[in-house]
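Residue-level listing of the chains:
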Amino acid sequence: MVLTTASVPDRDKVAYWNDVVSRTLVPMTVVPQSDGPFDGRITTDRLGYLRVSTMEADAKRISRTPTLIARSSEAYVAIGVQVSGTATLIQDGRRAEVGEGDLVVYDTTRPYFFDYPQRFSTHVFQLPRRVLGVAEAHIRQVTGTAVGTADGFGSMLVPFLATLAASAHAYTSAVADRLAGNVVDLFSTLVAERTNQGTPEADTARAHLVLQVRDHINRNLGDPDLSPESIAQALRISVRYLHRIFEGEGITVGRLIQHRRLEECGRELARRGRTVPTVSAVAQRWGFVNPAHFSRSFRAVYGVSPREWRNLRVAEGDGRPGPGSFAEIRLPSTDQR
């Protein structure tokens with residue numbers, strides 16, 4: 001999609017451009033820095049969930065206020081790559097001076113201001129916050145800062161993004177989706193580099209978040225809708241980031257939920273008492289909706305069916321443990337790191 005002020009009457013150019021950039025990017029206010037006719041052009045392509053725009057325009061100021069933010073339906077993190085001209089970005093109390101070839105990160109969910117003192121060209125990459133595997137606190141550490149080609153990871157990222165913007169229209173849907181995922185991974189790497197992740201402090205923060213996830217799972221095991229998606233939403237992180245912090249745990253989030261449910265089912269089925277709940281009632285109490293799925297999952301972990309597990313417990317209570325009894329079956333791990 002290409003939109004330009006070229007055929008718009010001079011008196012309407014500014015209003016037209018405000019509407020164009022607000023619909024193409026996010027709602028914002030544009031104020032030209034000269035009294036003459038305003039000239040602007042913006043080209044936009046999509047690579048899966050990634051929106052790639054190239055904007056060329058006369059000198060202007062851009063502001064995104066809380067009122068404009070409230071009009072947005074989607075939350076984005078944006079990466080700007082300055083092709084020509086210069087810019088100044090102010091966000092989160094920081095001021096970034098952006099020169100040709102520099103990269104800058106900003107968050108569309110918080111106010112920001114851009115000042116372009118002369119005609120310029122820039123690439124803008126907009127990533128939905130929901131797909132990012134990056135904690136909000138880490139994103140806040142990199143907004144309002146410029147990254148140049150001489151700055152570590154920027155030396156690889158900036159040329160890649162510039163090439164991607166120039167060729168975005170040429171990719172098939174399958175390739176475009178893969179490229180969008182690559183940009184997310186590269187952005188996450190940039191944030192990790194700029195926030196010194198991998199330090200003892202970062203490891204402590206990750207361990208604390210893992211504990212929060214495990215606690216949330218333990219408190220909501222009976223909810224059949226408990227899932228990585230619901231956990232990420234409750235803790236206000238992305239699903240991608242949730243899976244990333246569990247990479248060193250030796251178990252996936254989905255598998256942990258299932259193992260904890262099976263563990264509680266095994267304990268309840270083995271409990272002594274006059275009133276013995278049915279197998280299906282126990283399964284439902286701990287979040288299993290499908291009885292056949294529960295039985296298969298239980299057998300895969302315990303080596304016996306839920307009823308056989310209960311019978312072994314009864315036999316043990318009668319003094320007839322025999323082979324394969326309760327004492328001989330290994331419970332799933334209860335590691336609660």
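Just so we're clear, the structure is a prediction, and the values are computed from it rather than from any experiment.

A. Representation of the overall build of the chain. Secondary structure assignment for the chain yields 12 helices and 12 strands. Per-residue burial over the chain gives 47% buried out of 337 residues. Within the chain, residue pairs in contact and separated by at least 24 positions form 69% of the contacts whose partners lie at least 6 positions apart. In the structure as shown, the chain presents an accessible area of about 16600 Å², 52% of it carried by carbon and sulfur atoms.

B. Structural detail: the pattern of salt bridges. A full pass over the atoms with the stated rule returns 20 salt bridges. Here Arg130 ties to Glu74 by a salt bridge, and the two come within 3.5 Å at their closest N and O atoms. With Arg130 in the loop between β11 (120-128) and α3 (136-142) and Glu74 in the loop between α2 (66-69) and β6 (76-84), this pair connects stretches of sequence that are 56 residues apart. Given a relative accessible area of 27%, Glu74 falls into the partly exposed group. Members of the salt-bridge network, linked through shared partners, are Asp92, Asp107, Arg110, Arg129, Glu136 and Arg140.

C. Up close: the sheet that holds β6. Spatially, the 7 strands line up as an open sheet ordered β1-β3-β4-β11-β6-β9-β12, and their pairing is antiparallel. The strands lining the two open edges of the sheet, one partner per strand, are β1 (2-4) and β12 (146-147). Note that β6 and β11 share 8 bridges and pair antiparallel. Its bridge partner lying in β11, Gln82 is registered against Thr122. Relative to the sheet, helix α1 (residues 13-24) contacts β1, β3 (40-47), β4 (50-57) and β11, its axis offset from that of β4 by approximately 160°.

D. Region of the structure containing the sheet that holds strand β8 (residues 94-98). The antiparallel open sheet is built from 5 strands, whose spatial order is β2-β5-β10-β7-β8. Both edges of this open sheet fall to β2 (29-32) and β8, since each of them pairs with a single strand only. The average angle at which neighbouring strand axes cross in this sheet is 15°, direction not considered. Two elements, strand β7 (residues 87-91) and β8, share 5 bridges in a ladder whose sense is antiparallel. Of the residues in β8, the one forming a bridge with Thr88 is Glu97.

E. Looking closely at the pairing of β11. Summarising burial for β11: 9 of the 9 residues are buried, a large majority. Residues Phe120, Thr122, Val124, Gln126 and Pro128 line one face of β11 and the alternating positions Ser121, His123, Phe125 and Leu127 line the opposite face, and both faces are buried. Where β4 lies against β11, 7 bridges are found, and the strand directions are antiparallel. In the sheet register, Thr54 faces β11, and the bridge partner there is His123.

F. A look at unusual backbone geometry. Backbone geometry places Asp92, a non-glycine residue, at a positive phi of 55°. Relative to the elements of secondary structure, Asp92 occurs in the loop between β7 and β8. Exposure remark for Asp92: the relative accessible area of 28% places this residue in the partly exposed category.

G. Region of the structure containing helix α9 (residues 253-269). Here α9 is 17 residues long and its end C-alpha atoms lie 24 Å apart, about the 24 Å a rise of 1.5 Å per residue gives. With 13 of its 17 residues buried, α9 lies for the most part within the structure.

Rules behind the numbers
- Residues numbered from 1 in each chain as written.
- Predicted model: local features only at pLDDT ≥ 70, side-chain atom pairs only at ≥ 80, totals over all residues.
- Heavy atoms only, no water.
- Helix = DSSP H or I, 4+ residues; strand = E, 2+ residues; numbered from the N terminus.
- Buried < 20%, exposed > 50% of the residue type's maximum accessible area, 1.4 Å probe, protein only.
- Contact = heavy atoms within 4.5 Å.
- Areas by Shrake-Rupley, 256 points an atom, 1.4 Å probe, with all protein chains shown as cover.
- Salt bridge = Lys/Arg side-chain N within 4 Å of Asp/Glu carboxyl O.
- Pairing = 2+ DSSP bridges.
- Axes fitted to C-alpha atoms, helices over the stretch in contact; angles between N-to-C directions.
- Expected span 1.5 Å × (residues − 1).

All quantities given are derived from atomic positions and should not be read as evidence of function.
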